[in-house]
Amino acid sequence: MIQADTLAPFPPERRPALAGVAGDTTWAWRALGRADLPWLVALYATTRAQELQPVPWPETVKQQFLAQQFVAQHQHYLGQYPQAHYLAIDVDGQTVGRVYLDECGEDDLLVDISLLPAWRGRGLGTALIRRLQQAAAMRGRGLRLHVQVHNPAARRLYERLGFVAGGDSGQQTHVAMRWSGLS
């Protein structure tokens with residue numbers, strides 16, 4: 001298992017622009033901290049479960065692999081987006097997902113959004129993204145993201161929300177998409 005104290009910490013909590021968007025939600029956000037790391041490893045594992053299902057490794061080896069992959073992703077995100085907001089999404093006191101948002105560029109960047117399997121397909125992701133779009137629009141900005149080439153369901157969601165793919169993806173693993181705020 002991962003020793004949380006050996007990983008780089010999340011940046012200090014700051015107020016994201018999303019905090020300034022009015023309206024009722026069924027969810028709340030909060031800044032992530034070290035205590036969230038074990039839970040985040042488990043969330044990450046759910047995002048890779050289908051991909052690893054056919055791999056003939058023992059379950060313990062899969063879990064070790066996923067923990068290592070989480071550490072690599074965690075270090076990458078913190079290194080590439082040191083000023084980003086790293087947020088947990090809570091519903092009725094239960095943490096059900098994460099949203100990583102970088103507001104430092106010309107547009108806001110949705111670095112990552114992940115929900116527990118029981119919360120996928122229930123409208124929560126749509127509500128979160130719409131709130132991020134509102135926050136960006138209030139500041140005259142667009143919203144960018146990258147979607148995995150092999151995740152057509154997520155791409156359909158983003159297109160339904162007004163995101164447009166930017167150019168040919170070729171052999172890349174992700175497609176860049178942008179919402180301009182004018183849709």
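Anything mentioned here points back to the structure above.
Below is a short write-up of the structure. Not measured: the values here are computed from a predicted model. (Residues numbered from 1 in each chain as written. Predicted model: local features only at pLDDT ≥ 70, side-chain atom pairs only at ≥ 80, totals over all residues. Heavy atoms only, no water.)

## Let's talk about the layout of surface pockets
Counted as a void, the largest pocket has a volume near 1,500 Å³. In this structure, the largest pocket is lined by 43 residues; those nearest its centre are Thr47, Ile113, Gln148, Asn151 and Ala154. Looking at the lining of the largest pocket, the elements that each hand over two or more residues are α1 (37-52), α2 (59-80), β4 (108-115), α3 (124-138), β5 (143-148) and α4 (152-160). Across the lining of the largest pocket, the residue classes break down as 20 nonpolar, 16 polar and seven charged. (1 Å grid on protein atoms, 1.4 Å probe; cavity = no way out; pocket = protein on both sides within 12 Å on 5 of 7 lines; lining within 4 Å. Points joined across faces, edges and corners; volume = space filled by probe spheres on them. Helix = DSSP H or I, 4+ residues; strand = E, 2+ residues; numbered from the N terminus. Nonpolar A, V, L, I, M, F, W, Y, C, P; charged D, E, K, R; others polar.)

## Quick word on empty space enclosed by the protein
Any empty space left between atoms is shown by rolling a water-sized probe over those atoms. Summed over all chains, the structure comprises one cavity of 30 Å³ or more. Each pocket or cavity is described by its volume, and for the largest cavity that value is around 70 Å³. As for the largest cavity, its lining consists of Phe10, Pro11, Pro12, Glu13, Arg14, Ala31, Leu32, Ala84, His85, Tyr86 and Leu87. No other element matches the three residues that strand β2 (residues 85-91) contributes to the lining of the largest cavity.

## A word on the packing of α1 against α2
Two measures define how a pair of helices packs: the angle their axes make with one another and the distance between the axes. Packing of α1 against α2 brings their axes to within 9 Å, and their N-to-C directions diverge by 115°. Taken as axis vectors, α1 and α2 run roughly perpendicular relative to one another. The hand of the α1/α2 crossing is right-handed. Within the contact between the two elements, α1 uses Leu37, Leu40, Val41, Tyr44, Ala45, Arg48 and Leu52 and α2 uses Lys62, Gln63, Phe65, Leu66, Ala67, Gln69, Phe70, Gln73 and His74. (Axes fitted to C-alpha atoms, helices over the stretch in contact; angles between N-to-C directions. Parallel < 35°, antiparallel > 145°, perpendicular 65-115°, else oblique. Left-handed = near helix turned anticlockwise from the far one by under 90°. Contact = heavy atoms within 4.5 Å.)

## Quick notes on the packing of aromatic side chains
Tallied over the entire structure, the rule returns seven aromatic pairs. Ring centres of Trp57 and Phe65 lie 5.3 Å apart, and the angle between their planes is 70°; this geometry places the pair in the edge-to-face category. Overall, Trp57 belongs to the partly exposed group, its relative accessible area being 37%. Classification of Phe65 as partly exposed rests on a relative accessible area of 22%. Three or more aromatic residues link up through ring pairs in this structure, and these residues are Phe10, Tyr77, Tyr81, Tyr86 and Tyr100. Here the guanidinium or amino end of Arg122 rests over the ring plane of Trp119, the centre of that ring lying 4.0 Å away. (Phe/Tyr/Trp six-rings, centres within 6.5 Å; stacked < 30°, edge-to-face > 60°. Buried < 20%, exposed > 50% of the residue type's maximum accessible area, 1.4 Å probe, protein only. Lys NZ or Arg CZ within 6 Å of the ring centre and 35° of its normal.)

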